[in-house]
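What the coordinates show
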Amino acid sequence: MKKQEKKVYPYIPNSVPEIKEQMLKEIGVQRIEDLYADIPENLRYKNKLNLPPPLSSEYALKRHMDAIFTKNKTCEEYISFLGGGCYNHQVPAICDEINQRSEFLTAYAGEPYEDHGRFQSLFEYESLMGELLDMDVVNVPTYDWSQAASTAIRMAERITGRKEILVSNIISPDRLMVIKNYCHPVVNVRMVKHCPETGKLDLDDFKSKLSKNTAGIYFENPSYLGFIEVQGQTIADMAHENGALSIVGVDPTSLGILTPPSQYGADIVCGDIQGLGIHMFFGGGLGGFIATHDDEKFVMEYPSRLFGITTTTVEGEYGFGDVAYERTSFAEREEGKEFVGTHSALCGVTAGVYLALMGPEGMQELGTSILQKSQYALKQISAIKGVKAPMFDSSHFKEFVVDFNKTGHKIKDINKALLEKGIFGGMDLSSEFPEFGYCALYCVTEVHTKKDIDHLRDSLTEILGEGGQE
Amino acid sequence: MSGRKTMENNSTFKLREKFHQAKWDEPIIFELHTPGEKGVLVPEVEQEIQEAVGDGISAIPENMRRKSNPALPEVSQMRVLKHFLRLSQHTLGADFNIDIGQGTCTMKYSPKINETFVRSPKAAAIHPCQDQDTVQGALEIIYKLDSFLQEISGMDKFTFQPGGGAAAILVMVSIIQKYQELRGEGQERDEIITTIFSHPSDAAVAAVKGYKVITLYPDDLGLPDIEALKKAVSEKTAGLLITNPEDTGIFNSKIQEFTKIVHDAGGLCGYDQANANGLLGITRAKEADFDMCFFNLHKSFSSPHGCGGPATGALGVCESLIDYMPIPLVDFDGNKYSLNHNLSHSIGKVRGFYGVFPAVLRAYAWVMSMGAEGLKEVAEVAVLNNNYVMKKIQELKGAAISYPKTQGRIEQVRYTWEKLTEDTGVSTEDITNRMVDFGFHLWSSHHPWVVPQPFTIEPTESYSKAELDEYLAGLEKTVREAYEDPDKVKNAPYQSVSHKIDHHPLDDPEKWAVTWRAYLKKQKKGE
């Protein structure tokens, strides 16, 4: 047994030639090749895959990755005012400590026995979110806000038996694309106008579009463009009077201080938990939540896993398991509610840790901090000649549109110049909302300091040229 | 089979008969509430800002100000840490386990070096809307993994936007739909064909998109019935969604006939490659004439499963369907990487931004560390391990492979305890519960149980022979107990965190509780 000089792979224990021989012998075949006998010859791939030569040692791999990483500039190296669905918030160290634990990181689909901790931590996530949202049912996270909104809409379709959804036209165009694809061809998506001055839902337009086909209205609060919708209860009442549902997308980081949608009539609430202790990851840190009241008619329409608490054969012992599992596609394939699979569970575990750390006061302080800092930024930016901020005459949370039209400067050019100053300027809205002209969506969170914001003001003043501050 | 066994090659194993999972008797986080405690502080707001804008909340209209704080628990930092560390110890991750009992899910090793890349601020602290010049590294990783997967599958372009296998299926169905609509046959072609041993999501997603689902069942060899396919296709056929090997582990040697029949009928063919681990470098989607395929980066490409995501269903298509893909794609002009939003027939999007970047990063690093020969070794050893385990399981009393007329299996096998259940009354679920007592996880199988009392084992390439032997020893002991003392198996587990749970409240609207607040309300009502 000395014939081979074959490579042994640390991740493949049985790449050891002697072990292979022994296993082949036990199976009763000569070569591994024989185990592929069912694959027709014409389907066999005869070439060697054309892939880069392997970087087998950890050291070589790290050198390679580090070299690629130098081409990324981070929001730690630059001051970032980017938001638009992915947010730069403080990530408490404990959040990473927990989500990097091998137990959670590498768990998957264990039963409530060996994975009792996975079930409990996700039950706790649901429970903590339930308090924040003031609702009794929250799902194990779905992919992201876009999926959560899409599913909320499909739930409304099934609950009401109606095939049209009304959607506020102030929505992330990306999210709208997800919703439209997910609804097509079963549910018709119809847009509702906004008031050009305030951004709020145009109630006349809403009223004119409500019909016996309307399954619900979907709007976001705070909106994609940061303003706060104050007509939530009126919108819900109008929907309900018409037999339709009110579906509200919400940023959970606002809920320490803003009224949760359930308190202004929302039937289904959804949003993203990335801001709750999860890094941005180039947009990869998203996780979607859906919440409702504890009404069987609603609960039975969730496609997601819902982890619930129960008892065991031992008095006083908590057990956990799936609530109403038979509604899922795991149980019923195409007869189940939409589909379930691998979504964003670890984001849920992390957000649970985050909310446990923050507590009620922490969430209130977070919201207050974001309000104060974003209001300060608004004040500084709007003082620059030719710049209007916010564009909409409403109160805002975390994000706001800055209107540069009067400066004659394109956002693209402003942001290139800001980059030179160490700043990632606000998101260019010129392709998403071309009708706005030269406008950018700025995001200010608790991580920004006065110095950061003043630097932005000074840089913009300089870039926008003569005139400067009024 | 207790004590340490020495094998002829000197590798050893021991069945952990004295195993006991950690049991902290841990309360619910709300029960740790101590008024006034804090877990973490929020960055402070400078005095000057407060002076400039006031309390912040006054600017918010009265009806939008939250009236009372959310009833979250107040817990100091170390107690929060301890609580969740204890819950982690109540969770049997793949790193602790010989995780071969979750067939179809490819519970392989996720190398730790790759976690260090994910934790770098260069991956974690980048925003998707940054100037593209500032994220060239991230775009390069996406672009290059795309090119690797093109080579592995023979497809022409990949997207990593789908956040899991089901989301990749959603893209496949959406592309099929758009393709048929643009051909003017969207209305007529309202049927999607799949097979019973393809993932439930293949059927479920098609239904979400308004399709009638036609499900093919196996013939007596365990292959999806090709005669049934011939009967199923018509001018109503929009497309086919199929795995191969299917969840039985049987490779469908007629797969090229399948794609031809569907193509001839005017449909597109989407290959669900969730079960690709035994095929890397062996056979490809292209040669079997598929139009699209997807790999789960959290399965075959080593990204960890994270309790069920975040994950990635990497979706690849042939040249003629690139225009239908979700936007944006990552392009390279020889000098610079960029995002391409200009696809004329794009289905739109299925997720925000560009997908789960950490999963892409890990998969990239993993392929870079393995190389072409390494990937083939992965496939071959996964198949070797599977066939070894299959040989041993067939020697167990009461156990058998499904569809025994076909002996060949690729990377996994769907087995049956039918005989054991008949003999002893012990069910596959009872056995899964007993395996917990030895530190193992065993899953039954997806529903419906076409194979009675099923279980599915997928050994992957990650476990040593000694570990496979240890797992087999656990099965052997459980089988012996089933025949000698069935109640012992039926009342399991004994060594786990919790004892047998009562499922009834979970299905009763009067009793189920998805949150602690609902639980407290219902408790109170019940008193």
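Residues numbered from 1 in each chain as written. Chains lettered and ligands numbered in written order. Predicted model: local features only at pLDDT ≥ 70, side-chain atom pairs only at ≥ 80, totals over all residues. Heavy atoms only, no water.

Re helix α10 (residues 357-394) of chain B
Residue and element names in this part refer to chain B. Here is the rule: Under the scheme used here, helices are H or I runs from DSSP no shorter than 4 residues and strands are E runs no shorter than 2 residues, and both carry numbers assigned from the N terminus. Between the first and last residue of a helix there are one fewer steps than residues, each counted as 1.5 Å, and that sum is the expected span. In this scheme, the bend at a residue equals the angle between the axes fitted to the seven residues that finish there and the seven that begin there. Burial status follows relative accessibility: with a 1.4 Å probe on protein chains alone, a residue under 20% of its type maximum counts as buried, one over 50% as exposed, and anything between as partly exposed.
End to end, α10 covers just 42 Å across 38 residues, shorter than the expected 56 Å (1.5 Å per residue, more than 12% under). The largest bend along α10 reaches roughly 100° and is located at Gly 371. In terms of burial, α10 is largely enclosed, as 33 of its 38 residues are buried.

Considering the domain arrangement of chain B
Residues and elements named next belong to chain B. In plain terms, the rule: Marked domain ranges trace back to an automatic or database domain assignment. For this analysis, residues touch if any pair of their heavy atoms sits within 4.5 Å. Accessible area that two parts lose when put together, with a 1.4 Å probe and added across both, is what the buried area reports.
Looking at the assigned domains, one finds that chain B contains domain 1 (21-90), domain 2 (135-358), domain 3 (369-490) and domain 4 (502-527). Each of domain 2 and domain 3 has a C-alpha centre, and these two points are 29 Å apart. With 25 residues of domain 2 in contact, the opposing surface of domain 3 contributes 26 residues. Summing both sides of the interface, domain 2 and domain 3 together bury roughly 2000 Å²; the carbon and sulfur share of this comes to 64%.

Re a negative patch on the surface
Cut-off, in case you're wondering: Note on patches: the residues involved have over 30% relative accessible area and no salt bridge, like charges join within 9 Å, and the nonpolar side chains Val, Leu, Ile, Met, Phe, Trp and Tyr join within 5 Å. For every accessible area listed, the method is Shrake-Rupley and the probe measures 1.4 Å; residues are considered covered only by the protein chains on display. A carboxyl oxygen of Asp or Glu within 4 Å of a side-chain nitrogen of Lys or Arg is what we treat as a salt bridge. Charge assignment in this entry is limited to Lys and Arg as positive and Asp and Glu as negative, and neither His nor the chain termini are counted. Charged side chains are reduced to one point each, which is NZ for Lys, CZ for Arg, CG for Asp and CD for Glu.
Together, Glu326(A), Glu332(A), Glu335(A) and Asp507(B) make up a region of like negative charge exposed at the surface. Tracing the backbone through its elements, the reader meets Glu332(A) in helix α11 (residues 329-332). Looking at Glu332(A), the relative accessible area reads 34%, which means it is partly exposed.

Focus: the side chain of Thr424(B)
Residues and elements named next belong to chain B. For the record, the criterion: Counted as a polar contact is a pair of N or O atoms within 3.5 Å, where, for protein atoms, one must be capable of donating a hydrogen and the other of accepting one, and residues adjacent in sequence contribute only when both atoms are in side chains.
By secondary structure assignment, the location of Thr 424 is in helix α11 (residues 418-424). Judged by relative accessible area, which is 13%, Thr 424 ranks as buried. Among the polar contacts listed, one links the side chain of Thr 424 to the backbone oxygen of Leu 420, at a separation of 2.7 Å. In this structure the side chain of Thr 424 is engaged in a polar contact, spanning 3.0 Å, whose partner is the backbone nitrogen of Val 426. The residues contacting Thr 424, other than those within four sequence positions of it, are Ala 482, Tyr 483, Pro 486 and Lys 490.

Some thoughts on the pairing of strand β14 (residues 454-457) of chain B
Residues and elements named next belong to chain B. How we decide: Strands pair, by our definition, only if DSSP identifies at least two bridges between them.
Burial along β14 is two-sided: Pro 454 and Thr 456 facing one way and Phe 455 and Ile 457 facing the other are all buried. Alignment of strand β13 (residues 413-416) against β14, held across four bridges, turns out to be antiparallel. Bridged to Val 413 within β14 is Ile 457.

Remarks on the domain arrangement of chain A
All names here are of chain A. For chain A, the assigned domains read domain 1 (13-59), domain 2 (79-87 + 366-463) and domain 3 (93-355). Here the C-alpha centre of domain 3 lies 29 Å away from the C-alpha centre of domain 2. On the side of domain 3, 27 residues touch domain 2, which itself brings 26 residues to the contact. Across the interface of domain 2 and domain 3, roughly 2000 Å² is buried in total on both sides, 62% from carbon and sulfur atoms. Looking only at domain 2, the three residues that lose the most surface to domain 3 are Tyr 87, Phe 392 and Phe 397, adding up to 28% of its buried area. The shortest N-O distance in the salt bridge between Asp 251 and Lys 398 comes to 2.7 Å. Top element by residues in the side of domain 2 that touches domain 3 is helix α12 (residues 345-382). It accounts for five residues.

Focus on the nonpolar core
Our working definition: Put simply, buried Ala, Val, Leu, Ile, Met, Phe, Trp, Tyr and Cys residues joined by side-chain atoms within 4.5 Å make one nonpolar core.
One finds Leu225(A), Leu145(B), Leu149(B), Phe301(B) and Ile393(B) to be the most contacted residues of the largest nonpolar core, which totals 187 residues. Per-element accounting of this core gives the leading share, 21 residues, to α10(B). Residues within four places of Leu145(B) in sequence aside, it is in contact with Phe160(B), Leu297(B), Val360(B), Ala363(B), Tyr364(B) and Val367(B). Formed by 80 residues, the second largest nonpolar core is a distinct cluster that contains Ile257(A), Ala345(A), Val80(B) and Ala518(B).

A short note on the interface of chain B and chain A
Often, the extent of an interface is quoted as the loss of accessible area upon association of its parts. What counts, and what does not: Put simply, Ala, Val, Leu, Ile, Met, Phe, Trp, Tyr, Cys and Pro go in the nonpolar bin, Asp, Glu, Lys and Arg in the charged bin, and everything else, Gly too, in the polar bin.
Contact residues are listed per partner, giving 220 residues for chain B and 190 residues for chain A. Carbon and sulfur atoms supply 63% of the area that chain B and chain A bury against each other, a total of about 18400 Å² over both sides. Remark: the boundary between chain B and chain A carries 16 salt bridges. Note that Glu140(B) and Lys71(A) form a salt bridge whose closest N and O atoms lie 2.6 Å from each other. Taken together, the connections running from chain B to chain A amount to 103 residue pairs in polar contact (both at pLDDT 80 or more). Top contributing element to the side of chain B that touches chain A by residue count: α10(B), with 28 residues. Here the side of chain B that touches chain A is composed, by residue class, of 113 nonpolar, 64 polar and 43 charged.

Things to note about the pattern of salt bridges
Where charged atoms from two side chains of opposite charge approach closely, those side chains can pair. Scanning all chains against the criterion turns up 63 salt bridges over all chains. The shortest N-O distance in the salt bridge between Arg158(A) and Glu301(A) comes to 2.6 Å. Here Arg158(A) is found in helix α6 (residues 145-160), whereas its partner Glu301(A) is found in the loop between α10 (296-299) and β9 (307-311), with 143 residues between them in sequence. Judged by its relative accessible area of 11%, Glu301(A) is buried. Each of Glu131(A), Asp134(A), Asp136(A), Arg517(B) and Lys521(B) takes part in a single network of salt bridges with overlapping partners.

Thoughts on the environment of Asn296(B)
Residues and elements named next belong to chain B. Secondary-structure assignment places Asn 296 in strand β8 (residues 292-296). A residue is classified by how much of its surface remains accessible, and Asn 296, at 2% relative accessible area, is buried. For the pair Asn 296 and Ile 214, spaced 82 residues apart in sequence, the C-alpha to C-alpha distance is 24 Å. With residues near it in sequence (within four places) discarded, Asn 296 still touches Gly 164, Gly 165, Ala 274, Phe 301, Thr 312 and Gly 313.

A look at the pairing of strand β8 (residues 288-292) of chain A
Residues and elements named next belong to chain A. Of all the five residues making up β8, five are buried; the element is thus mostly covered by neighbouring parts of the structure. Residue alternation in β8 divides its side chains into two sets, Gly 288, Ile 290 and Thr 292 and Phe 289 and Ala 291, and both sets are buried. As defined by bridge partners, strand β2 (residues 137-138) adjoins β8 across two bridges and the pair is classed as antiparallel. Among the inter-strand pairings, Val 138 is bridged to a residue of β8, identified as Ala 291. Bridge analysis of strand β7 (residues 268-272) against β8 gives five bridges, and the strand direction is antiparallel. Note that in β8 the partner of Cys 270 across the bridge is Ile 290.

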